[in-house]
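# Structural characterization, general
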Amino acid sequence: MNKKVMQGNEACAHGALAAGVRFFGGYPITPSTEVAEVMAKELPKVGGKFIQMEDEIASMAAVIGASLTGKKVLTATSGPGFSLKQENLGYACLTEVPCVVVNVQRGGPSTGLPTSPAQSDVMQAKWGTHGDHPIIVISPSTVKECYTLTVRAVNLAEKYMTPVVFLMDEVIGHLREPIDFDEVKDLEVVDRKKPDVSPEEYVSYAAGEDGIPVLAPFGTGYRYHVTGLTHDEQGFSTMAPPVVARMNQRLMDKIDNNLDDIITFESENLEDADVVLVAYGSSARSAKEAMRWLNAADQNVGLFRPITIWPFPEKEIRKIAGNVKAIVVPEMNMGQLKLEIERAAAGLTKVIGVNKVDGEPITPEEIINAVKGVL
Amino acid sequence: MNSAYEKYFRQDRLPHIWCPGCGNGIVLSAFARAMEELNIDQDKTVVVSGIGCSSRATTYVDFNTLHTTHGRALAFATGVKLANPELNVFVFMGDGDSSAIGGNHLIHASRRNIDITAIIIDNNIYGMTGGQYSPLTPTGKKATTAPYGMVERNFDLCELVKGAGATFVARGTVYHAKQLTDLIVAGAKNKGFSVIEAVSQCPISYGRRNKMKNALEMINWQKEHAVNVKAAQKMNPEQLKDKFLIGELYRAEAPEYTAEYDKLIERVQKGGK
Ligand SMILES: Cc1ncc(C[n+]2csc(CCOP(=O)(O)OP(=O)(O)O)c2C)c(N)n1
Ligand code: SF4
C-alpha cells in the first residue's frame with residue numbers, strides 16, 4: 001500500500017508525468033489551474049519543460065510545436081480557454097500531431113460559472129473545431145481515473161497520432177480521494193512509432209496499413225513539411241479531389257477502424273435491467289449511488305458509463321436500447337450526450353434526460369425520481 | 001539558380017506560386033544565401049511560418065518546415081525551440097500575420113528573448129486575401145477595406161519589438177538584397193530573439209491600388225526612401241522626412257529564455273528551490 005490523497009487535477013498531472021509527458025504549455029484558468037501548477041513544479045525535476053504562454057491559442061500552438069520534436073505533450077484549460085484552443089486543435093487533428101488537451105469543464109456559456117461544475121462541453125469537444133475531423137475524448141469519474149486515464153489518453157494520442165481531449169469536470173478536478181500508487185505503478189506506456197526507413201525513403205504522411213502516419217521528430221534527419229492545408233502523402237498542400245478525399249477518409253478511418261481498442265466503458269447490472277442509467281464524469285457517481293438505492297428497493301436498474309465519450313459507444317447503446325423500457329441520462333448540461341444516445345437508440349427505447357445547469361451537481365435523488373417516473 | 005543555394009530549396013516544389021514581381025522570392029533567396037553563409041545544418045533547422053503569401057515560403061525550403069495557423073507561427077516556434085533548444089529556428093511571417101492577429105505572440109517572443117530569428121515580410125498589405133489593410137498599411141493608402149484611404153495609424157514593428165525586449169532588430173529591403181542576407185546572418189548569430197523586417201512589394205494587391213504601376217516602380221520606391229542607419233546619423237529631420245531606416249537598428253544583451261530554463265532544470269535537479 002502506497003496511498004496518497006490528492007485532487008483530480010493533481011492526479012491528472014501526475015498521470016501525465018507517468019505517461020512520459022515532458023512538455024506542458026498552458027494558461028491559467030479555474031478550475032484547471034492546479035494541473036499547470038503541478039506541471040510547473042514537477043517537469044523540471046525530470047528534465048521536462050513548462051511554459052505559461054500568453055494565451056490558450058499560443059498554449060495549443062506551443063504543445064503542437066513541442067510534440068513535433070518528439071516530446072509527449074499536455075495542455076490544460078477550461079471552458080473559455082477550450083474555446084480559444086479550437087483552431088489549433090483542428091490543426092493537430094489534420095496534421096496528426098499527438099497531444100492531450102485537458103478541459104476541466106465549468107459552467108457556461110461565456111465566462112459563466114468559473115468555480116461551478118458542468119458537463120456542457122461534450123459537443124464542443126467533438127465539434128468545436130471546424131470541419132469533419134476525428135477526435136478521441138475521455139471522461140474520468142474518480143481521482144484514480146484522473147491518473148490512469150490520463151496515461152491512457154497520452155497512450156492513445158501517441159498510438160493514433162491524434163489529439164485526445166481529457167474531459168473532466170469541476171467536481172472531479174477538485175475532489176480529493178486516495179490513490180494507491182502500488183496499483184498504478186505498472187501501467188502500460190505507449191510511445192509513438194519511429195520511422196523504420198531511411199530519410200531518402202521516408203514519406204511523412206504515407207501511413208501504412210493501419211492508416212496511421214509516422215512523423216519523425218524534427219531534428220532527426222527526416223526533413224518534411226507540416227501544414228494545416230489539406231495535404232498529400234508527402235505532406236504538401238493539394239486540391240486534387242481524389243487525394244483530398246483519400247486523406248479525409250483516412251483521418252476518420254484511423255479512429256473508426258479501431259473502435260474496439262479506443263472505446264472503453266464500465267457497466268453494471270445490464271442483464272434484466274428495466275432501466276439503464278447512462279452517465280459519465282461526476283454525474284456517473286450520482287448515477288451509481290441512485291442505482292444502488294433502486295437495486296436495494298428491488299428495482300432492476302443498470303448503469304452504463306462511457307469512459308470514451310468520442311468515438312461514442314454506439315453499438316453498446318443500441319444493444320441496451322433493445323432490452324430496456326428506458327434509458328435515463330443525467331448530465332450537467334441541457335442534454336448533449338442524450339442527443340447521441342437517442343441517435344444510437346434509434347427509437348428502440350425512450351431516452352429521458354436529467355439535466356441541470358444551475359452550477360450544482362446532480363443528486364442521486366433527482367435521478368431516482370426520473371427513474372420512478374418510468375418504472 | 002546558383003548551385004550553392006540549390007540545396008536549400010525543394011526543387012520538386014518549384015516554381016513557386018507567387019505573382020510576377022512579388023518580393024517574396026527575393027527575400028527567400030536572401031534567406032538561402034544567409035543559410036549558406038551560416039553553413040547551417042538543414043537537419044537541425046526548423047523553419048516555421050504563419051498563413052499568408054509570405055508564409056508559403058516554408059513549402060519551398062528544404063528544412064524541417066512547419067506551416068502553421070494565421071498569426072501563430074511564433075507560438076508554435078516557441079514550443080519547438082523550448083522542447084529542443086538544439087534546433088535552429090527561423091520564422092517567416094507577413095506584416096498582417098505578425099502584427100495584427102499575431103501581435104501578441106510577437107511581443108511575448110520578444111519579451112522572452114527566445115533564440116528564434118523572425119523574418120517579417122512587410123508588403124504593407126494582406127496579400128493573400130486580396131489587398132485588405134494591415135496594421136502596416138501607411139495612413140492614407142488604399143486597400144480593398146480602405147477604399148477611401150487607411151484611416152488608422154500604422155505600426156513601426158521594429159520599435160515595437162525593441163520595446164518588447166528583442167535583442168536584435170533590423171530592417172532591410174528587397175532592393176538591398178545583399179544587405180538583407182547580412183542582416184539575416186547577423187540575426188541568426190544573435191543568441192536571443194531577432195527580428196528582421198524585410199520591406200517588400202506586393203504589386204498585385206497593394207501597388208496597383210496605390211499609384212505604383214509595377215514591381216520596378218515599387219523597388220525604386222524602396223531605393224529612394226530607405227536610408228541606412230549610419231547615413232541617417234548625418235541627416236537632419238527635414239531630410240529624413242518620408243524616409244525609413246534600414247540596417248541593424250538595435251542590439252542588446254539579455255538572458256536567452258531556453259538557456260535560462262535549462263539552468264533552472266539544473267538547479268532544480270540539484271535540489272535547489
Ligand atoms: C484565423 C484566420 N483569419 C483569417 C484568415 C485569412 N487570411 C489568410 S492570409 C491573411 C492575411 C495575410 O496577410 P499578411 O500576413 O500581411 O501576409 P501576405 O499574404 O501579405 O504575405 C488572412 C487575413 C486565416 N487564414 N485565418
Ligand atoms: S498577392 Fe502580393 S504578396 Fe501575394 S504573391 Fe501576389 S504579389 Fe506577392
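Computed from a prediction, not measured in an experiment: that's the story for all the values here. (Residues numbered from 1 in each chain as written. Chains lettered and ligands numbered in written order. Predicted model: local features only at pLDDT ≥ 70, side-chain atom pairs only at ≥ 80, totals over all residues. Heavy atoms only, no water.)

### So, the layout of surface pockets
Residues and elements named next belong to chain B. Rule in force here: With a 1 Å grid spanning the protein atoms alone, the term cavity applies to any set of points in which a 1.4 Å probe fits but cannot get out, the term pocket to an open set with protein on both sides within 12 Å along at least five of seven lines, and the term lining residue to any residue with an atom within 4 Å of a point. Grid points are joined across faces, edges and corners, and a volume is the space filled by probe spheres set on the points. Numbering of helices and strands runs from the N terminus, with a helix taken as a DSSP run of H or I at least four residues long and a strand as a DSSP run of E at least two residues long. Note that Gly is not counted as nonpolar here; it falls among the polar residues with everything else outside the nonpolar set of Ala, Val, Leu, Ile, Met, Phe, Trp, Tyr, Cys and Pro and the charged set of Asp, Glu, Lys and Arg.
The calculated volume of the largest pocket comes to roughly 770 Å³. Lining the largest pocket are 37 residues, and of these Asn124, Asn154, Trp221, Lys243 and Phe244 lie nearest its centre. Those elements giving two or more residues to the lining of the largest pocket turn out to be helix H7 (157-164), strand E7 (168-173), strand E8 (194-199), helix H10 (215-225) and strand E10 (244-251). Looking at the lining of the largest pocket residue by residue, the classes come out as 18 nonpolar, eight polar and eleven charged.

### So, the site of ligand 1
Note the following rule: Working definition: residue near molecule or strand if any one of its non-hydrogen atoms lies within 4 Å of it. Under the rule applied, a polar contact is a pair of N or O atoms within 3.5 Å (in protein, one hydrogen donor and one hydrogen acceptor; residues adjacent in sequence only if both atoms are side-chain atoms).
Residues in close proximity to ligand 1 total 17 residues, the closest being Cys53(B), Ser54(B), Gly96(B), Asp97(B) and Gly127(B). Positioned at a junction of chains, ligand 1 has nearby residues supplied by chains A and B. Taking Asp95(B), its side chain carries an N or O atom lying 3.2 Å from an oxygen atom of ligand 1. Take Asp97(B): an N or O atom from its main chain is 2.7 Å from an oxygen atom of ligand 1.

### Digging into the interface of chain B and chain A
A common measure of how large an interface is: the accessible area buried when the components associate. Threshold: Contacts: residue pairs with any heavy atoms within 4.5 Å of one another. The term buried area means the drop in 1.4 Å probe accessible area that two parts suffer when joined, counted for both and summed. Here a salt bridge means any side-chain nitrogen of Lys or Arg lying within 4 Å of a carboxyl oxygen belonging to Asp or Glu. Pairing between strands is defined by DSSP: at least two bridges between the two strands are required.
Facing 40 residues of chain B, the contacting portion of chain A comprises 41 residues. Together chain B and chain A conceal approximately 3200 Å² of surface at their shared face, both sides included; 57% is due to carbon and sulfur atoms. At the surface where chain B touches chain A, the tally comes to four salt bridges. Residue Glu54(A) pairs with Arg112(B) through a salt bridge whose shortest N-O separation is 2.8 Å. The tally of links from chain B across to chain A stands at 18 residue pairs in polar contact (both at pLDDT 80 or more). Listing elements by their share of the side of chain B that touches chain A, those giving two or more residues are helix H3 (57-60), strand E2 (64-67), helix H4 (73-83), helix H6 (103-112) and helix H13 (257-269) of chain B. A per-class count over the side of chain B that touches chain A returns 15 nonpolar, 16 polar and nine charged. As judged from the three bridges shared by strand E10 (residues 225-227) of chain A and E2(B), these two strands associate in the parallel manner. The residue bridging His225(A) from the neighbouring strand is Thr65(B), located in E2(B).

### Some points on the pairing of strand E3 (residues 49-52) of chain A
Residue and element names in this part refer to chain A. The condition that has to hold: Seen with its strands pointing away from the viewer, a crossover is right-handed if its path from the first strand over the helix to the second goes clockwise.
Judged from the four bridges that link them, strand E2 (residues 21-26) and E3 form a sheet pairing that is parallel. Bridge assignment links Gly26 to a residue of E3, and that residue is Gln52. Where the polypeptide runs from E2 across helix H2 (residues 33-42) and back to E3, its parallel neighbour, the crossover connection is right-handed.

### Focus on the domain arrangement of chain A
All names here are of chain A. As a reminder of what qualifies: Those domain boundaries reflect an automatic or database domain assignment.
Domains assigned within chain A are domain 1 (3-180) and domain 2 (267-372). On a C-alpha basis, the centres of domain 1 and domain 2 stand 26 Å from each other. Contacts between the two partners involve 25 residues from domain 1 and, on the opposite side, 22 residues from domain 2. Between domain 1 and domain 2, a total of about 1900 Å² is buried, with carbon and sulfur atoms accounting for 56% of that surface. Across the contact surface, domain 1 and domain 2 share two salt bridges. Across the salt bridge formed by Glu145 and Arg305, the nearest N and O atoms sit 2.6 Å from each other. Viewed at the interface, domain 2 and domain 1 are joined by 18 residue pairs in polar contact (both at pLDDT 80 or more). Its residues assigned to classes, the side of domain 1 that touches domain 2 shows 14 nonpolar, six polar and five charged.

### Points about the pairing of strand E5 (residues 99-107) of chain A
Residue and element names in this part refer to chain A. Stated precisely, the cut-off is as follows: Each residue gets one of three labels from its accessible area relative to the maximum for its type: buried under 20%, exposed over 50%, partly exposed in between, using a 1.4 Å probe on protein chains only.
Of all nine residues that make up E5, nine are buried, and the element is covered over most of its length. In this structure, strand E4 (residues 72-77) lies alongside E5, joined through four bridges in parallel fashion. Directly across from Leu74, in E5, lies its bridge partner Val100. Since E4 and E5 lie parallel, the crossover through helix H4 (residues 79-95) that links them has a hand, and here it is right-handed.

### Some remarks on the packing of aromatic side chains
Aromatic rings considered in pairs are described by the distance between their centres and by the relative angle of their planes. Keep this limit in mind: Only rings of Phe, Tyr and Trp enter the pairing, Trp through its six-membered ring, and a pair is recorded when the two centres are within 6.5 Å. The plane angle decides the type: under 30 degrees is stacked, over 60 is edge-to-face, the rest tilted.
Scanning the entire structure with this criterion turns up 15 aromatic pairs over all chains. A ring pair is formed by Tyr91(A) and Phe76(B), whose centres lie 5.1 Å apart and whose planes are at 70°; its orientation type is edge-to-face. Here Tyr91(A), found in helix H4, pairs with Phe76(B), found in helix H4, and the two come from separate chains. A single burial state applies to Tyr91(A) and to Phe76(B), both of which are buried. Seen in terms of ring centroids, Phe31(B) and Phe63(B) are 6.0 Å apart; in terms of plane orientation they differ by 65°. Their pairing is edge-to-face. Separated by 32 residues along the polypeptide, Phe31(B) in helix H2 (residues 24-38) and Phe63(B) in the loop between H3 and E2 bring together distant segments of the chain.

### Comments concerning helix H1 (residues 8-18) of chain A
Counted residue by residue, H1(A) has eight buried out of eleven residues, so it is predominantly covered. Along H1(A), the positions that sit buried rather than exposed are Gly8(A), Asn9(A), Ala11(A), Cys12(A), Ala13(A), Gly15(A), Ala16(A) and Leu17(A).

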